[in-house]
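Spelled out, the chains give:
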Amino acid sequence: MQDPMSGAPNVMFLVEVVNCNDGIASYCETLATGLHARGVQIHLVSGIVRSDEKSEYKRQKLAAAVKQWHVVPGLRKLPSLSIFMQLWKLIRENDITVINVHGLGMLMWGRLLSLLTGARCVATYHPSVLGNIEKVQNAPQSTFSPVQILFFNLFFPHTLILMSEESLRHLRRYVLFGKNRIAKVYGGVDTVHFRPPSDAERRDARAKFGVAEGEFMCLLAARLAWVKGHDLLIKAARRIRDSASPSPIDIKCYFVGSGGAEREKEIKSFAFADEKDKDTFKFLGFMGDVREILWAADVFALPSRFEGFPLGVAEAMATGLVPVRTPAGGASDQIIDGQTGFIVPFEDVDALVGALEKLADPALRAALSRNALARAQQYFGVGPMVDQTLRIYGLAGDASGNPLAHPMQA
């Protein structure tokens with residue numbers, strides 16, 4: 001029997017490291033799944049794969065979304081001749097017509113392989129910053145060095161995909177010869193899976209996670225790292241909890257996500273300074289599927305110092321949760337301030353407290369929830385992301401919606 005996918009376009013995803021507990025892995029899995037549904041076969045090439053017992057679910061989902069996953073030991077930013085030839089052979093044998101580099105660390109690989117094979121080179125920018133709290137507090141002011149700009153210009157891809165207006169504004173500051181080859185494509189989430197809960201589903205979710213009636217549950221679901229602003233939310237929650245207001249807010253903060261052992265220890269130590277904190281803050285670790293915890297929450301908070309396009313915010317909005325976040329990457333695309341959520345300044349605990357106190361009002365929260373849901377459904381679904389990506393690949397669909405067999409070569 002003939003393979004129904006024979007003759008389908010083949011695309012290579014090239015990633016230096018796959019961390020199964022972070023947003024890049026989720027992005028690649030969602031995009032690969034959406035492309036596969038349109039008849040495109042994905043060959044994932046990566047270096048180190050990092051997963052543990054909790055993130056195994058994510059690793060399996062990513063593996064199921066691709067035709068082949070080639071793990072190449074020793075894959076690094078600077079190409080070695082033996083690995084370069086190994087990838088060249090893989091491209092030729094599998095008739096790869098598009099190389100999609102995820103993260104700028106693999107840009108040299110993608111561009112050189114593109115020149116050698118004729119495949120179109122597309123790069124997706126996934127900016128991130130990790131480190132101690134002093135380092136990440138300066139992340140919003142970070143800039144590219146002259147050496148990085150030279151590298152960028154030498155290896156600029158056929159198309160560079162950015163996911164946010166903030167990233168676009170950042171790159172416009174530099175002299176880049178390929179600025180006319182930049183496209184903005186929002187990260188997509190499965191808006192069929194991430195949907196608002198029924199009343200019964202919400203009650204069951206809150207009972208499952210121990211959220212009592214009348215408690216105002218604030219959720220931060222992201223990698224457990226200082227860059228995500230856990231410390232800022234902890235400070236804000238303490239201030240709300242300890243307020244002398246005649247109408248106190250019974251706030252609880254749940255944290256979902258994992259990180260390096262050192263960072264997890266630091267953040268948990270910061271959170272549990274006294275006995276009252278043990279009742280206010282709960283760390284649930286990494287979850288392969290966060291839908292139920294989103295259903296249990298009242299507000300999604302992400303006071304991060306640096307972002308590309310946080311898919312967690314889009315997932316939360318798709319379930320009807322109202323987000324509060326800082327003006328890092330994706331903020332102005334996701335949030336119309338005061339209508340679909342709130343944007344608070346970097347490092348501003350007072351503003352974070354004010355936004356959360358406003359959203360403790362059920363009527364205001366319900367109004368913004370409807371707006372957040374509508375925006376997520378319109379802009380952040382998998383369909384729009386796949387449509388735009390296919391056009392960038394040169395695989396735009398025909399009248400029946402099927403992709404063309406071969407991309408246009410730039």
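Residues numbered from 1 in each chain as written. Predicted model: local features only at pLDDT ≥ 70, side-chain atom pairs only at ≥ 80, totals over all residues. Heavy atoms only, no water.

1. Examining the nonpolar core
Reasoning step 1: Among the nonpolar cores identified, the biggest contains 99 residues, and F13, L219 and L356 are the most heavily contacted of them.
Reasoning step 2: No fewer than three residues from each of domain 1 (8-187 + 380-391) and domain 2 (197-378) sit in this core.
Reasoning step 3: Non-local contacts of F13, meaning those with residues more than four positions away in its chain, are made with C28, L31, A32, L35, I42, H43, L44, V45, N100, H102 and Y393.
Reasoning step 4: Within the second largest apolar cluster, 34 residues are counted, among which are L90, A123, L162 and L176. (Core = buried A, V, L, I, M, F, W, Y, C linked by side-chain atoms within 4.5 Å. Buried < 20%, exposed > 50% of the residue type's maximum accessible area, 1.4 Å probe, protein only. Domains from an automatic or database assignment. Contact = heavy atoms within 4.5 Å.)

2. Quick notes on the packing of aromatic side chains
Reasoning step 1: Applying the stated criterion across every chain yields a total of 14 aromatic pairs.
Reasoning step 2: Ring geometry for Y186 against F309: centres 5.8 Å apart, planes inclined by 20°, an arrangement best described as stacked. Residue Y186 is located in the loop between β9 (182-184) and α8 (199-208), and its partner F309 is located in the loop between β13 (299-302) and α13 (311-318); the two are separated by 123 residues in the primary sequence. Like Y186, the residue F309 is buried in the burial classification.
Reasoning step 3: Ring geometry for F272 and F283: centres 5.7 Å apart, planes at 65°, overall edge-to-face. Of this pair, F272 sits in the loop between α10 (261-271) and α11 (275-280) while F283 sits in strand β12 (residues 281-285), and the two are 11 residues apart along the sequence.
Reasoning step 4: The class of F272 is partly exposed, set by a relative accessible area of 35%.
Reasoning step 5: Among the aromatic side chains, those forming a connected cluster through ring pairs are F144, F152, F156 and Y174.
Reasoning step 6: Taking the ring centre of F270 as reference, the NZ or CZ of R238 above it sits at 5.5 Å. (Phe/Tyr/Trp six-rings, centres within 6.5 Å; stacked < 30°, edge-to-face > 60°. Helix = DSSP H or I, 4+ residues; strand = E, 2+ residues; numbered from the N terminus. Lys NZ or Arg CZ within 6 Å of the ring centre and 35° of its normal.)

3. Brief notes about the domain arrangement of the protein chain
Reasoning step 1: Considered domain by domain, the protein chain is made up of domain 1 (8-187 + 380-391) and domain 2 (197-378).
Reasoning step 2: Averaged C-alpha coordinates put domain 1 and domain 2 at centres separated by 29 Å.
Reasoning step 3: In this complex, domain 1 contributes 34 residues to the contact, which on the side of domain 2 involves 34 residues.
Reasoning step 4: Across the domain 1/domain 2 interface, buried area totals approximately 2600 Å², and carbon plus sulfur atoms make up 62% of it.
Reasoning step 5: Summed over the three residues of domain 1 that lose the most area to domain 2, namely N21, E166 and F380, the buried surface amounts to 26% of that side.
Reasoning step 6: Connecting domain 1 to domain 2 are 10 residue pairs in polar contact (both at pLDDT 80 or more).
Reasoning step 7: Breaking the side of domain 1 that touches domain 2 down by element, the ones donating at least two residues are α1 (23-37), α2 (56-65), α5 (133-137) and α7 (165-171). (Buried area = accessible area lost by both parts, 1.4 Å probe. Polar contact = N/O pair within 3.5 Å; in protein donor to acceptor, adjacent residues only side chain to side chain.)

4. Thoughts on the layout of surface pockets
Reasoning step 1: In this structure, the second largest pocket spans a volume of roughly 500 Å³.
Reasoning step 2: The set of elements that each furnish at least two residues to the lining of the second largest pocket consists of α8, α12 (291-296) and α16 (362-379).
Reasoning step 3: Of all the elements, α16 adds the most residues to the lining of the second largest pocket, at 5 residues.
Reasoning step 4: Considering only residue class, the lining of the second largest pocket consists of 11 nonpolar, 5 polar and 8 charged. (1 Å grid on protein atoms, 1.4 Å probe; cavity = no way out; pocket = protein on both sides within 12 Å on 5 of 7 lines; lining within 4 Å. Points joined across faces, edges and corners; volume = space filled by probe spheres on them. Nonpolar A, V, L, I, M, F, W, Y, C, P; charged D, E, K, R; others polar.)

5. Considerations on the pattern of salt bridges
Reasoning step 1: With the rule as written, the count across this model stands at 29 salt bridges.
Reasoning step 2: Between R59 and E56 there is a salt bridge, with its nearest N and O atoms 2.7 Å apart. With R59 and E56 both in helix α2 and 3 residues apart, the pair spans about one turn of that helix.
Reasoning step 3: Across the pair R305 and E347 runs a salt bridge, and its minimum N-O distance is 2.6 Å. Of this pair, R305 sits in the loop between β13 and α13 while E347 sits in the loop between β15 (342-343) and α15 (349-359); the two residues are 42 residues apart in sequence, bridging distant segments of the chain.
Reasoning step 4: Taking relative accessible area as the criterion, R305 reaches 1% and is therefore assigned buried.
Reasoning step 5: A single salt-bridge network, built from bridges that share partners, covers R238, R241, D242, K276 and D277. (Salt bridge = Lys/Arg side-chain N within 4 Å of Asp/Glu carboxyl O.)

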